[in-house]
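Notes for the structure review
In case you want the letters, here they are:
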Amino acid sequence: MEYLQTSQNLLDFISRCTSPFHVIAEVADMLSQAGYVRLDETKEWTLNPGENYYVIRNGSSIIAFQIPAEPWHSYQIMASHSDCPVLKVKGENPFVTDSHYTRLNVEGYGGMIRAPWFDRPLSVAGRMILKKGDILESVLVDAKRDLVLIPNMPIHLNREMNEGIKYSIQKDMLPILGDETAKDHFYELFLPGVDQDQILGMDLYLYSRVAGSIWGADMEYISSGRLDDLQSAYGSFTGFLKAKTNGHVNVCCIFDNEEVGSLTKQGADSTFLTDTLQHINEAKGAGTVEYHRDLAGSFLVSADNAHAFHPAHPEKYDVQSRVYMNHGIVIKQSANQKYTTDALSEAVIKMICRKAGIPCQVFANHSDIPGGSTLGAILNSLVSVASVDIGMAQLSMHSPYETAGAKDTEYLAEFSRCFYETELKRTDEGGFRIMQ
């Protein structure tokens, strides 16, 4: 079954993407192999009709785009994110040492579920900044082995453990690296032979070493770390690679820092997307007015996973708008605009799903339990286009081991391909004509 192969490909992709920097390096490699040309934000861009390009910011966000061979009039954009809630190594001297143990000093990044990080093999990956002469070079690093562990207290010493614990990251969750000498060779684990004095900065994250799996009575589920949001990123991106342009510029974005609010130079709330679109507009030879006309006819899909119905806690969900794994694309609604979906953009997505022959479903939060926000509203405040928030239904969101439907990645990849190949043209009445 093709969807099982797609699910395995996703799990293999996630296993290689152990930090946001590794995500972008992996995506950039796939783009290069597909013939996309890398651009530099600090240099002049020459964009040719019928050719494909990508640009990276901070090593942790990427925007790829396809220029049509024929004249074009709008942008069709999909956006997802590269980061997830994790523990991040902190400090200039990230070691907490006594006479027997060395622990790593860490802090929380994003809204993580803390309990599942205990008693499982963890490793460390990210980037280090090296001084090489007068050049500062960013180097990807990954220990690629079981390296640290966060031990629980035994129940004998905390008889109330099963009554509920409020974990302190600073007190309870500093992972054990080794004995009292472990700090002396920590950097050798990542960069053998490099003088520690050359390392002038680092962004290092813990990740779970538990392998992803496909499981269930009929192999209907997948579980892995970082499904939120690498399932959406992978599905959107693979559909993008298969698509052909059709009267518009296809744009695929993967942003860092969504889990902490996107307020960074490489986040969705930065100038990265607007800068890129303005570069494309300038290469087209168009002025500001034409740029805004093109935006007015454009469409944005924000792809970030959604909450699947949990059978043990029905009281947490809306009585009608419940979504399930393997039931296809989730269209997310919110009256308070946590999600940007409106009636028109929802209708567009339903039409594309019908065209692609894939199922879709509609999610809304319980009215007394507000959900989290995502990329759509942030991007829409900077690039004002028709937009919608979608995702894949999943359980255990923000755990280091999440669960989703084995069929849904294939559904998203096919939706993405169909979205990019379908020309959406604004009507005089403010709707959209589904051209092809």
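Check the entry above for the structure.
Summarised in this report is the structure supplied together with it. (Residues numbered from 1 in each chain as written. Predicted model: local features only at pLDDT ≥ 70, side-chain atom pairs only at ≥ 80, totals over all residues. Heavy atoms only, no water.)

**Examining the overall build of the protein**
In terms of helices and strands, the protein carries nine helices and 24 strands. Seen along its three principal axes, the alpha-carbon backbone of the protein occupies a region of about 75 × 60 × 40 Å. Residues counted as buried form 54% of the 436 residues belonging to the protein. Residue pairs at least 24 apart in sequence account for 76% of intrachain contacts in the protein once pairs closer than 6 positions are excluded. Measuring between centres, the 37 positive side-chain charges of the protein sit 1 Å from its 55 negative side-chain charges. (Helix = DSSP H or I, 4+ residues; strand = E, 2+ residues; numbered from the N terminus. Buried < 20%, exposed > 50% of the residue type's maximum accessible area, 1.4 Å probe, protein only. Contact = heavy atoms within 4.5 Å. Lys, Arg positive; Asp, Glu negative; His and termini not counted. Charge placed at Lys NZ, Arg CZ, Asp CG, Glu CD.)

**Here we look at the state of the cysteines**
On inspection of all chains with the given rule, the structure shows zero disulfides. Between Cys17, a cysteine without a disulfide, and Cys84, which holds the nearest cysteine sulfur, the sulfur-to-sulfur distance is 11 Å. Its relative accessible area of 0% is what places Cys17 among the buried residues. (Disulfide = S-S within 2.5 Å.)

**Concerning the pairing of strand β18 (residues 329-333)**
Counted residue by residue, β18 has four buried out of five residues, so it is predominantly covered. Taken together, the five bridges between β18 and strand β19 (residues 360-364) define a ladder with parallel strand orientation. Residue pairing in the sheet places Ile331 in a bridge with Val362 of β19. As for the winding sense of the linkage, the β-α-β connection from β18 through helix α7 (residues 343-356) to β19 is right-handed. The pairing of β18 with strand β20 (residues 386-391) spans two bridges and is antiparallel. If you follow Ile331 over to β20, its bridge partner there is Ile390. (Pairing = 2+ DSSP bridges. Right-handed = clockwise from strand over helix to strand, strands pointing away.)

**Some points on the nonpolar core**
Within the largest apolar cluster, 54 residues are counted, with the highest numbers of intra-cluster contacts made by Phe299, Ile349, Ile390 and Phe415. Counting 36 residues, the second largest nonpolar core, distinct from the first, contains Leu104, Val106, Tyr109 and Leu191. (Core = buried A, V, L, I, M, F, W, Y, C linked by side-chain atoms within 4.5 Å.)

**Focus: the layout of surface pockets**
By volume, the largest pocket amounts to about 450 Å³. If you go around the largest pocket, you meet 20 residues; those closest to its centre are Arg103, Pro151, Met153, Lys171 and Asp172. Those elements giving two or more residues to the lining of the largest pocket turn out to be β6 (95-97) and α3 (169-172). Here the residues of the lining of the largest pocket sort into twelve nonpolar, three polar and five charged. Lining the second largest pocket are 21 residues, and of these Ser15, Arg16, Thr18, Tyr207 and Arg226 sit closest to its centre. Looking at the lining of the second largest pocket, the elements with two or more residues in it are α1 (2-16) and β12 (199-208). Looking at side-chain class alone, the lining of the second largest pocket contains seven nonpolar, eight polar and six charged residues. (1 Å grid on protein atoms, 1.4 Å probe; cavity = no way out; pocket = protein on both sides within 12 Å on 5 of 7 lines; lining within 4 Å. Points joined across faces, edges and corners; volume = space filled by probe spheres on them. Nonpolar A, V, L, I, M, F, W, Y, C, P; charged D, E, K, R; others polar.)

**Looking at the environment of Phe240**
Relative to the helices and strands, Phe240 is located in helix α4 (residues 227-242). The class of Phe240 is buried, set by a relative accessible area of 0%. For the pair Phe240 and Glu414, spaced 174 residues apart in sequence, the C-alpha separation works out to 9.3 Å.

**Overview of α7**
Given a rise of 1.5 Å per residue, 14 residues ought to cover 20 Å, and the 20 Å separating the end C-alpha atoms of α7 matches this to within 8%. Among all positions in α7, only Ser345, Glu346, Val348, Ile349, Ile352, Cys353 and Ala356 are buried. The buried residues of α7 occupy one face: seen down the axis, they fall within an arc of 160°. Seen from the open side of α7, the exposed residues pointing more than 90 degrees away from its buried face are Ala343 and Arg354. The distance from a side-chain oxygen at the start of α7 to the backbone nitrogen of Leu344 is 3.2 Å, and the residue carrying that oxygen is Asp342. Backbone geometry just after α7 places Gly357 at a positive phi near 75°. (Expected span 1.5 Å × (residues − 1). Arc of directions from axis to C-beta. Polar contact = N/O pair within 3.5 Å; in protein donor to acceptor, adjacent residues only side chain to side chain.)

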